[in-house]
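Now for the letters of each chain:
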Amino acid sequence: MRLPLTRRNFLRTAALATGALLSADAATRAEPLWAGSVGPEDPEVPNEAVARVLRERFGDRPIRRGHVSLDMPAVAEDGRVVPVIIESDLPMTPDAWVKGVHLIVDHNPDAHLAAFHLTPAIGSVSITTRIKMKRTTWVRAILETSGGELWADYTRVLVTLNGCG
Amino acid sequence: MASGIGEARIRVPAQIRKGELITVHSIVSHPMDTGFFRTRDGDPIPAYFIKSVVVTYGNEEVARFEWTSGISRDPVITFTVRADREAQLAMVWTDNKGGVYRQSTDIAFTTA
């Protein structure tokens, strides 16, 4: 997916660059920050807890990237309150709709943070809320359509203050 | 803080035309304790959070949210609704200790 140069994408790119600079010395230590990543836009390989959530909720159906926008700050100074916006261009009609929106925060104590079950009456996927984040990690927004298709967007959020205790 | 638990507000646009996609803003007062924190004296603070939210429009359930304590204190949630009829929009928040909190607003169309 080729992303247009929107404010969101610019901020995300800028923050990834900042994150890379900040973690330059961390990368030389034991834990590689991008372990398992194919590229800077790809999420890391799911950890055990995330893999379990994906398996239980979605079985072995493929999760494709697209049709979803997960908008979060690239840097969250206070992990107790991190804004989240999830939007989608998928239809919300009686014939085809988004029946579930799942928010997964890889390294939180409870990775499957929230599920939003929707009906066509909702009219669009445009959900805003505020969440807690324990530490820097990937966040996943996965949409399930009435036909069983899975669409996702991923973003990495740098957390400076642990919001989970 | 403690006295206000469950106080909720729902906001919809002041002017609504039939068939319009409207944005619904909501907030409920709740500590959303994770169970991982301790008081100043070292006593554990038990988990205390909203675990489900049900949205109804008239008699129809239009959305249902499953939450964990990962949602921030005083949860806000914004979503849309297709305003295709005049009816009550209601939300019911339920926490893990059995607390049930309800708030509603009327969807009424602007007469031109």
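Everything numeric here is computed off the predicted structure, so don't read it as measured data.

Participant: Hey, could you run me through the overall build of chain A in this one?
Facilitator: A tally of helices and strands in chain A yields two helices and nine strands. Listing every helix and strand of chain A by position from the N terminus yields α-α-β-β-β-β-β-β-β-β-β. When burial is assessed residue by residue, chain A has 35% of its 165 residues classed as buried.

Participant: How should the confidence of the model for chain B be read in this particular structure?
Facilitator: Reading predicted coordinates in detail is not appropriate for stretches of low pLDDT. Looking at chain B as a whole, its pLDDT mean stands at 95, while 96% of the residues score no less than 70. Interface predicted TM-score (ipTM) for the complex: 0.94; the corresponding pTM is 0.84.

Participant: Explain the sheet that holds strand β1 (residues 8–11) of chain B to me, please; I cannot follow it from the model alone.
Facilitator: The strand order β2(A)-β4(A)-β7(A)-β5(B)-β2(B)-β1(B) describes an open sheet built from six strands, whose pairing is antiparallel. Every interior strand has two partners, whereas the edge strands, β2 (68–71) of chain A together with β1 of chain B, have only one. Each neighbouring strand pair of the sheet contributes to a mean axis angle of 15 degrees, computed without reference to strand direction. Two elements, strand β4 (residues 82–88) of chain A and strand β7 (residues 125–131) of chain A, share seven bridges in a ladder whose sense is antiparallel. Paired with A:Pro83 across the two strands is A:Arg130, which belongs to β7(A).

Participant: I would appreciate a short explanation of helix α2 (residues 48–58) of chain A in the present structure.
Facilitator: Think of an α-helix as 3.6 residues a turn; residues three or four steps apart then line up on the same face. Residues and elements named next belong to chain A. Taken as a whole, α2 has its buried residues at Val50, Val53 and Leu54. With its buried residues spanning 95 degrees around the axis, α2 presents them on a single face. Away from its buried face, by an angle of more than 90 degrees, α2 presents the exposed residues Glu48, Ala51, Arg55 and Glu56. Residues of α2 that are buried sit in contact with β5 (98–105) and β6 (112–118).

About the criteria used
- Residues numbered from 1 in each chain as written.
- Chains lettered and ligands numbered in written order.
- Predicted model: local features only at pLDDT ≥ 70, side-chain atom pairs only at ≥ 80, totals over all residues.
- Helix = DSSP H or I, 4+ residues; strand = E, 2+ residues; numbered from the N terminus.
- Buried ≥ 20, exposed ≤ 12 C-beta atoms within 10 Å, placed from the backbone.
- pLDDT = per-residue confidence, 0-100.
- Pairing = 2+ DSSP bridges.
- Axes fitted to C-alpha atoms, helices over the stretch in contact; angles between N-to-C directions.
- Arc of directions from axis to C-beta.
- Contact = placed C-beta atoms within 7 Å.

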